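Coordinate analysis (summary)
The lines below spell out each chain.
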Amino acid sequence: MIIKRAICQQCSNWCAVLVHIDETGKVIKIKPDISHAFGKAGLCIKSGTSSIDFHYHKNRLNFPLKRTGERGEGKWKKISWPQAMDEIANKFRKIKVDFGPEAVVYIGGDHRTNDAWSHRWCNLFGTPNVFYQGKNCGSAEFVMGMAVLGYPTLNHTGMEPDVTKCIIIWGANYSETHHRNYKLCLNAKRRGAILIVIDPRKTKAAEDADIHLQIRPGTDGALGLAMLNVIINENLYDKDFTEKWCSGFEELKDYVQGFSPEKVEKITWISQEDIKEVARTYATKKPSFITWGTAIAHFGKGEKGDSVKSAVQCKTILRAICGNLEVEGGHHFRDSDEKIALIENMHYDRILNHPLRTRDSVGAEDFKISSLTAYKLFLEAMRPTYPKGFSYVHFLTTTSSWSIWNAILKRDPYPVRAVITQGSNALVSMGYSRKIYNALKDKNLDIHVSMDFAMTPTSVLADYLLPAADWLEKPFFLGQFGGENLYTVGEQSVEPLYDRKNDYFFWKELGIRLGQEGYWPETVDKMFDLILSPLKISFHALLNSEEPWVVIKKEFKRYEKRGFGTLSGKVEFLPSILHKLGYDSLPRYGEPPRSPISTPNLAKEFPLILITSGRVRHYYFSMGRDIESIRRRYPYPLLEIHPRTALELGVSDGDEIIIETPEGKITQKAKLSNRIDPRVVHADSHWWYPEKPLKDPILGGVWESNINSITFDNPKYNSFEGDTPLSAILCKVYKAKCK
Ligand SMILES: Nc1nc2c(c(=O)[nH]1)N[C@H]1C(S)=C(S)[C@@H](COP(=O)(O)OP(=O)(O)OC[C@H]3O[C@@H](n4cnc5c(=O)[nH]c(N)nc54)[C@H](O)[C@@H]3O)O[C@H]1N2
Ligand SMILES: Nc1nc2c(c(=O)[nH]1)N[C@H]1C(S)=C(S)[C@@H](COP(=O)(O)OP(=O)(O)OC[C@H]3O[C@@H](n4cnc5c(=O)[nH]c(N)nc54)[C@H](O)[C@@H]3O)O[C@H]1N2
Ligand code: SF4
Ligand SMILES: [Mo]
């Protein structure tokens, strides 16, 4: 028996595991590596035997395939990797000559694939048109961290059970999504910290919490402003820090006067007493910590203000104004790039200075925060503090997905002719799937290359479908992406089966065929060596050491010596960069684009507020529906609905129901639950059915239950970064047979 020390990447929690392999080379067991900081919380249902099932699953793609029929017709021919790479490179070469490098677009997922390689390739090729799912996850908080603080805060690291006195889980579902960090929260609570949860549903975390604010979806910006109103008017903020290190206080103070707890009670459905209590607790039980929350990125923009922007700006200001930055038990910055050679090796300098690129990304004009002008401003602001800049450029410069689909369909602002999807099931995960379908089928799209573990509704719309190696088949290096305070490495457990390849191989092979010779080390291990070189340790030396990780030491109050990475060197409550880019620099609250208040007429026909953001521990987005052991436990998508609402609608638990918006209808099953407000329903996202035919028009049942096929498409309502609204919209619900 051989045991390998690996990092599970079945989801982006990156738990440390011990992979047991028998004499025949078969993976037989996966156990937590409790000697590792990332192994102590144990494994979840997606790892262990489920990951082994996945590794050997019959649905896995094992050889490169080339389309023979129409796109989506399901006719394929097996080809070799060299043939696939030669043909793809030839097409890209021609597109680059005919339409420019910007006509090639990369669409990635949520970073499990180590998007560094795709960015590296795009930077060298000369296309700024990169989308990856960070845009939906946390980039709104990230970008706001950069604008207000000069660097984003880490998601989790900083919270210390013995030190942190108050934790707010805000728009996140930690018990399901981040089980390791959730244990940290519970430990802190056990040792006296106050745990507060802000969520329209009574989640497990809300049940464990001291205070649960059951907010009306999409109104977090108003709540944040009311908390600031209390904290400022009751003089509970950190005066020394604010006077010395923050700008924009007076304007902020004026603006929050319009958001008294009394007024905000009506907007958020949270009582003024609760608003005051939470504001006071957060400001006085210090150090205090506010988590990131994905739900908050999904509201879209209203007529009078940007619901996403106001929420993330208030959260960021709250962290600063109460003096929680770079203190023990508070927030730390995600600045590990200074210590490793990631930025240099990703060639981010080429984003600005590529000899062939003449245009900014397709979304740059409409959503200026992701333009190269913005990138330059951010670099200028942060250089005195962080000389290298930052590697998470893609959080910033990532193009809006809406703009990409639009550019394919309308050739506006210029044509996009090639799409690479890798680690992305875009047709399921992005808003308004119909448009994505039309774009991927468009005759002006010359080539779609997809690299995935399996056929999915998205990957079957490709011209070349390439088989990806899974986490057991590739080595791993984690920088600070996950928001943790350590670098860690993981061993490759087994050789890839059949013709599956590491994603790195794809980019390297494509690169060397397209003039990037000399840029791509032969193996990914050697690439990791380059990135780790400033630490004076090789990838394999770290892997073979007793403790295969490097802890990033927390440093406190560094701003006292070097200031903050903003244009003024201070925390800017009203960020000057946003102002320069033409945004409102105030955290101006606006109702979500569709709500009982912003669209009362629509609300008469579609009376329920639909949220879609809560994940479940069983599934990682659209993956795993074909893993029998998991599907048995969670067989179909569920719509959470309050029993009173269900009674009014004549719906019983387990009924098949229709969820309808003006854009269309889908089917899920009713799950009656007291945990949700009667005026709100929560639909499971990312559903499709791998057991159904994976070709047009069925496409794995993608139109049946996928919530994103009934969200809406209007750029006017995209948030400041260009994200389409995915949640906090309106719907109606009825029993399927009443149709
Ligand atoms: N098991 C599992 N784990 C995962 C993932 C997965 O798919 N499955 N995905 C990973 C990824 S990429 C991400 S981005 C993270 C996301 O992880 P989290 O940030 O924890 O996000 P969600 O699970 O989306 O939880 C969102 C919560 O916000 C609530 N919510 C909905 N609308 C609102 C609102 O208007 N205001 C507030 N305050 N709350 C609201 C929802 O009810 C839900 O409980 O999880 C990661 N971990
Ligand atoms: N309505 C609604 N929509 C949402 C959200 C929501 O809360 N509500 N959440 C948003 C968020 S935060 C995110 S992150 C996105 C997730 O969006 P996606 O990242 O598109 O989601 P997945 O369904 O996990 O699709 C990933 C695909 O990549 C494949 N894959 C996984 N790992 C690898 C790898 O290492 N290499 C390769 N080549 N392929 C791989 C998987 O098989 C799968 O087909 O969804 C977003 N969409
Ligand atoms: S939470 Fe589960 S699937 Fe995710 S890394 Fe940890 S063990 Fe793997
Ligand atoms: Mo995400």
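If you're wondering where the values come from, they're calculated on a predicted model, not measured in any experiment. (Residues numbered from 1 in each chain as written. Chains lettered and ligands numbered in written order. Predicted model: local features only at pLDDT ≥ 70, side-chain atom pairs only at ≥ 80, totals over all residues. Heavy atoms only, no water.)

1. Overview of the site of ligand 3
- Taken together, the neighbourhood of ligand 3 is formed by Cys-8, Gln-10, Cys-11, Asn-13, Trp-14, Cys-15, Leu-43, Cys-44, Lys-46, Ser-47 and His-179.
- Partitioned by chemical class, the residues of the shell around ligand 3 number six nonpolar, four polar and one charged. (Near = heavy atom within 4 Å. Nonpolar A, V, L, I, M, F, W, Y, C, P; charged D, E, K, R; others polar.)

2. Side note on the packing of aromatic side chains
- With the rule as written, the count across this model stands at 32 aromatic pairs.
- With 4.9 Å between their ring centres and 15° between their planes, Tyr-559 and Phe-564 make a pair best called stacked.
- Among the residues examined, Phe-564 registers a relative accessible area of 3% and is labelled buried.
- On the numbers, 4.9 Å between centres and 70° between planes, the contact of Tyr-620 with Phe-621 is edge-to-face.
- Residue class for Tyr-620 comes out buried when judged on its relative accessible area of 11%.
- Clustering of aromatic rings is evident, with ring pairs tying together Trp-117, Phe-477, Tyr-487, Tyr-504, Trp-520, Phe-528 and Phe-539.
- When the ring centre of Phe-63 is taken as origin, the NZ or CZ atom of Lys-78, which lies over that ring, is 4.1 Å away.
- The cationic tip of Arg-180 hangs over the ring face of Phe-38; the distance from NZ or CZ to the ring centre is 4.1 Å. (Phe/Tyr/Trp six-rings, centres within 6.5 Å; stacked < 30°, edge-to-face > 60°. Buried < 20%, exposed > 50% of the residue type's maximum accessible area, 1.4 Å probe, protein only. Lys NZ or Arg CZ within 6 Å of the ring centre and 35° of its normal.)

3. Focus: the environment of Lys-443
- Looking at the element boundaries, Lys-443 is found in the loop between α21 (433-441) and β14 (447-452).
- The class of Lys-443 is exposed, set by a relative accessible area of 74%.
- Between the C-alpha atom of Lys-443 and that of Arg-417, which follows or precedes it by 26 residues, the distance is 9.4 Å. (Helix = DSSP H or I, 4+ residues; strand = E, 2+ residues; numbered from the N terminus.)

4. Quick notes on a nonpolar patch on the surface
- Taken together, the side chains of Met-1, Ile-3 and Ile-28 define a hydrophobic patch exposed on the protein surface, amounting to about 290 Å² of accessible area.
- Mapped onto the secondary structure, Met-1 falls in the segment before β1 (2-7).
- The exposure class assigned to Met-1 is exposed, which follows from its relative accessible area of 55%. (Patch = residues over 30% accessible without salt bridge, like charges linked within 9 Å, V, L, I, M, F, W, Y side chains within 5 Å. Areas by Shrake-Rupley, 256 points an atom, 1.4 Å probe, with all protein chains shown as cover. Salt bridge = Lys/Arg side-chain N within 4 Å of Asp/Glu carboxyl O.)

5. A look at the pattern of salt bridges
- Inspection of the entire model under this criterion finds 44 salt bridges.
- Taking the shortest distance from any N to any O, the salt bridge between Arg-513 and Asp-86 comes out at 2.6 Å. With a gap of 427 residues between them, Arg-513 in helix α22 (residues 503-513) and Asp-86 in helix α2 (residues 81-99) connect regions that are remote in the sequence.
- Arg-280 is paired through a salt bridge with Glu-234; the nearest N and O atoms lie 2.8 Å apart. One end of the pair, Arg-280, is in helix α13 (residues 272-284); the other, Glu-234, is in the loop between α9 (220-233) and α10 (239-245), with 46 residues separating them in the sequence.
- Owing to a relative accessible area of 33%, Glu-234 belongs among the partly exposed residues under this scheme.
- Connected through shared salt-bridge partners, Asp-86, Lys-508, Glu-509, Arg-513 and Glu-522 make up one network.

6. Description of the site of ligand 1
- Looking at ligand 1, there are 32 residues lining it, with Asn-173, Asp-199, Asp-220, Ser-613 and Tyr-619 nearest.
- A distance of 2.8 Å separates an oxygen atom of ligand 1 from a polar atom in the side chain of Thr-177.
- Within the backbone of Val-616, an N or O atom sits 3.0 Å from a nitrogen atom of ligand 1.
- Coverage of ligand 1 by the protein chains reaches 97% of its 920 Å² of free accessible surface.
- By residue class, the composition of the shell around ligand 1 is 14 nonpolar, ten polar and eight charged.
- There are two domains that each give the shell around ligand 1 at least three residues, and those are domain 2 (152-333 + 561-580) and domain 3 (600-711). (Polar contact = N/O pair within 3.5 Å; in protein donor to acceptor, adjacent residues only side chain to side chain. Domains from an automatic or database assignment.)

7. Concerning helix α17 (residues 372-382)
- Counting buried positions along α17 gives eight out of eleven residues, so the element sits mostly inside the fold.
- Buried within α17 are the following residues: Leu-372, Ala-374, Tyr-375, Leu-377, Phe-378, Leu-379, Ala-381 and Met-382.

8. Quick look at the pairing of strand β25 (residues 729-735)
- Counting buried positions along β25 gives six out of seven residues, so the element sits mostly inside the fold.
- The sheet contact formed by strand β20 (residues 608-611) and β25 spans three bridges and is antiparallel. Residue pairing in the sheet places Leu-610 in a bridge with Ile-729 of β25. (Pairing = 2+ DSSP bridges.)

9. Side note on α9
- Over its 14 residues, α9 runs 20 Å from end to end, which matches the ideal 20 Å to within 8%, given 1.5 Å per residue.
- Within α9, 13 of the 14 residues are buried, which leaves it mostly tucked inside the rest of the structure.
- In the segment just after α9, Asn-235 is the residue with positive phi, at about 55°. (Expected span 1.5 Å × (residues − 1).)

10. Things to note about the sheet that holds strand β16 (residues 476-478)
- Overall, antiparallel pairing links the three strands, which are arranged β16-β17-β18 in an open sheet. Each having just a single partner strand, β16 and β18 (549-551) make up the two edges of the open sheet. The mean inter-strand angle of the sheet, taken between neighbouring strand axes irrespective of direction, is 5°. (Axes fitted to C-alpha atoms, helices over the stretch in contact; angles between N-to-C directions.)

11. Focus on the domain arrangement of the chain
- Domain annotation for the chain reports domain 1 (65-138 + 335-551), domain 2 (152-333 + 561-580) and domain 3 (600-711).
- Spacing between the C-alpha centres of domain 1 and domain 3 amounts to 31 Å.
- Contacts between domain 1 and domain 3 engage 23 residues on the former and 18 residues on the latter.
- Taken together, the two surfaces of domain 1 and domain 3 that pack against each other cover about 1,700 Å², and 61% of this comes from carbon and sulfur.
- The interface formed by domain 1 and domain 3 includes one salt bridge.
- Between the two partners, domain 1 and domain 3, sit twelve residue pairs in polar contact (both at pLDDT 80 or more).
- Going through the elements one at a time, α20 (426-429) and α21 are the ones with two or more residues in the side of domain 1 that touches domain 3. (Contact = heavy atoms within 4.5 Å. Buried area = accessible area lost by both parts, 1.4 Å probe.)

12. Re the nonpolar core
- Counting 134 residues, the largest nonpolar core has Phe-92, Trp-117, Trp-121 and Leu-510 as the members making the most contacts within it.
- Of the residues forming this core, the biggest block, nine residues, is contributed by α9.
- Each of domain 1 (65-138 + 335-551) and domain 2 (152-333 + 561-580) contributes no fewer than three residues to this core.
- If you look at the next biggest cluster of nonpolar residues, it comprises 27 residues, including Phe-131, Ile-408, Val-419 and Ala-426. (Core = buried A, V, L, I, M, F, W, Y, C linked by side-chain atoms within 4.5 Å.)

13. Quick notes on the environment of Asn-62
- Position of Asn-62 among the secondary structure elements: in the loop between α1 (49-55) and β4 (65-67).
- For the pair Asn-62 and Pro-467, spaced 405 residues apart in the sequence, the C-alpha separation amounts to 5.4 Å.
- Ignoring any residue separated from it by four or fewer positions in sequence, one finds Asn-62 in contact with Pro-467, Tyr-498, Asp-499 and Arg-500.
- Separated by 2.9 Å, the side chains of Asn-62 and Arg-500 make a polar contact.

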